[in-house]
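# Fold and contact review
Listed below, chain by chain, are the residues.
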Amino acid sequence: MSTSIQPAELGFFSTLAAAGSLSAAAREMGVTTPAVSKRLALMEARLGLTLVNRTTRRMGLTPEGELYLAHARRILGEIEDMAQLLGQAKGEPQGLLRVNATLGFGRSHVAPVISRFARRYPEVDVQLQLSVNPPPLTDDAFDVCIRFGMPPDTRVIARRIASNRRLLCAAPAYLARAGTPRVPNDLARHACIGIRQGDEAYGTWRLTSGRGATERTQAVKTRGPLATNDGEIAVSWALDGHGIVMRAEWDIARYLRSGRLVQVLPGWRTPEADIHAVYPQRHQLSTRVRAFVDFMAAALARGEAGQAGK
C-alpha cells in the first residue's frame, strides 16, 4: 500500500480536527459518521501511523496527528494564497473566508455585515463561527477574528476597525433602590452582574481617572448574585434592575439613549476595548481578507453593522 500523502486528505483532516469529533465532522461534510471513520482509518493505514485517539464521545490528536495538522493547514493556506494571487487579475475576491467573532457582537453586528458582503462578493464563501472565548491567535482555523481590545500577540496583524469603550451602567429602578455609586470603591457594596469571558480577571473591574501625571487606576473586586458567559443575558438582567453591568458601548448605546440604562461613574474609564480585525501575517496580501476587513470597517463607521440585509 502506498505511503504517499494524498492532497485531498489534507482538507479532510483539517476539517476533522476543527470539528472535534467524528460525528461533527460527518455533519460538516454531509456524510455519515462511519464514512468519516473509514476514511480516517484508510489514511492511518496508508501512513502506518495513528493520527487520532478516539473514543465513543470524543477524539484527540496524537503527536503525529498534530504534526500532520500543522503542515496540512500551512499547505492549504499556501494553496489558497496562490489562488488569491492568481485571482487578483480578475479583480474580485474569491475562495473560502473563515470568520470568528464573539457571541453577542457577532450575532448583532458581524452577521448582518456578512449578509451584505456575500451579495457584494458572490465568489467568496463565508463561514462564521461565534464563540464565547476567542480561539488562539496563532490557530489557523480562522482567516479573520473580530476582537475587542488590542491582541498581545505580535505574530498577527490587528487592524483597528472601530472605536469602542466599556461602560458601567444600571437601570434607573436599581439605582433608585440601591443608590448611585460616587467612587469606584462604592461598587463593592452593589450587586454587580458578572460576565465570564476570555482571559480577563473575573469579577475585578479596573477603573482609571485623570490623564498623564494625574492618572490613577483602581481595581475593585465586585460581586453579585448573577453571573453569565453571555453578554446579552447580562444586559437583559441589568435592564430588569438586578444590578450594575460593565458592557461595550456598542451593545448598550440604544438603551442609554432611551434611558432604560443609566451610565454609572462616567468620570472613570475602563480598559481599552476598541474593535480589531485580527488575522495572520500571511493573510495580509489575501484579497478576500482585505476586502472583508475594509467592508467591515466601512459598515461600522457608517453605523450599519446592526442593519441586516440593508
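The rules behind these values
- Residues numbered from 1 in each chain as written.
- Predicted model: local features only at pLDDT ≥ 70, side-chain atom pairs only at ≥ 80, totals over all residues.
- Heavy atoms only, no water.
- Helix = DSSP H or I, 4+ residues; strand = E, 2+ residues; numbered from the N terminus.
- Buried < 20%, exposed > 50% of the residue type's maximum accessible area, 1.4 Å probe, protein only.
- Contact = heavy atoms within 4.5 Å.
- Areas by Shrake-Rupley, 256 points an atom, 1.4 Å probe, with all protein chains shown as cover.
- Phe/Tyr/Trp six-rings, centres within 6.5 Å; stacked < 30°, edge-to-face > 60°.
- Pairing = 2+ DSSP bridges.
- Axes fitted to C-alpha atoms, helices over the stretch in contact; angles between N-to-C directions.
- Core = buried A, V, L, I, M, F, W, Y, C linked by side-chain atoms within 4.5 Å.

## Considering the overall build of the chain
Within the chain, the secondary structure is distributed over nine helices and 14 strands. Buried positions account for 43% of the 310 residues belonging to the chain. For the chain, the share of sequence-separated contacts (at least 6 apart) that also reach a separation of at least 24 residues comes to 74%. Carbon and sulfur atoms make up 52% of the accessible area of the chain, which totals about 16,300 Å².

## A look at the packing of aromatic side chains
Evaluation of the coordinates by the stated rule reveals seven aromatic pairs. The interplanar angle of 45° and the centroid separation of 4.9 Å between the aromatic rings of Phe117 and Tyr121 together place this pair among those described as tilted. For the pair Phe117 and Tyr121, one class covers both residues: buried. When the centroid spacing of 5.5 Å and the interplanar angle of 75° are considered together, the rings of Phe117 and Phe295 count as edge-to-face. Within this pair, whereas Phe117 is found in helix H5 (residues 103-120), its partner Phe295 is found in helix H9 (residues 287-302), the two being separated by 178 residues in sequence. Classification of Phe117 by relative accessible area gives buried; the value is 0%. Overall, the relative accessible area of 18% leaves Phe295 in the buried class. Taken together, the ring pairs in this structure connect Phe117, Tyr121, Phe292 and Phe295 into an aromatic cluster.

## Quick word on the sheet that holds strand E13 (residues 262-264)
The strand order E12-E7-E13 describes an open sheet built from three strands, whose pairing is antiparallel. Two strands in the sheet have a free side with no partner beyond their single neighbour: strand E12 (245-248) and E13. Taking the axes of each pair of neighbouring strands and ignoring which way they run, one obtains an average angle of 55° across the sheet. Each of strand E7 (166-170), E12 and E13 touches helix H8 (residues 249-258); the most contacted strand, E12, lies at about 110° to it.

## A look at the environment of Thr62
Tracing the chain through its elements places Thr62 in the loop between strand E2 (59-61) and helix H4 (63-87). In this structure Thr62 comes out as buried when scored by relative accessible area, which is 5%. Separated by 10 residues in sequence, Thr62 and Val52 have C-alpha atoms that sit 5.5 Å apart. In contact with Thr62, other than residues within four places in its own chain, are Thr50, Leu51, Val52 and Asn53.

## Remarks on the nonpolar core
Within the largest apolar cluster, 26 residues are counted, with the highest numbers of intra-cluster contacts made by Leu97, Val110, Phe117, Val144, Ile146, Ile161 and Phe292. Elements with a contribution of two residues or more to this core: strand E3 (95-102), H5, strand E5 (144-148), strand E6 (156-162), strand E14 (275-280) and H9. For this core, the leading source of residues is H9, giving nine residues. Apart from residues lying up to four places away in sequence, Val110 is in contact with Val99, Ala101, Phe105, Leu128, Ile146 and Met296. Membership of the second largest hydrophobic core comes to 16 residues, among which are Leu22, Val36, Met43 and Met59.

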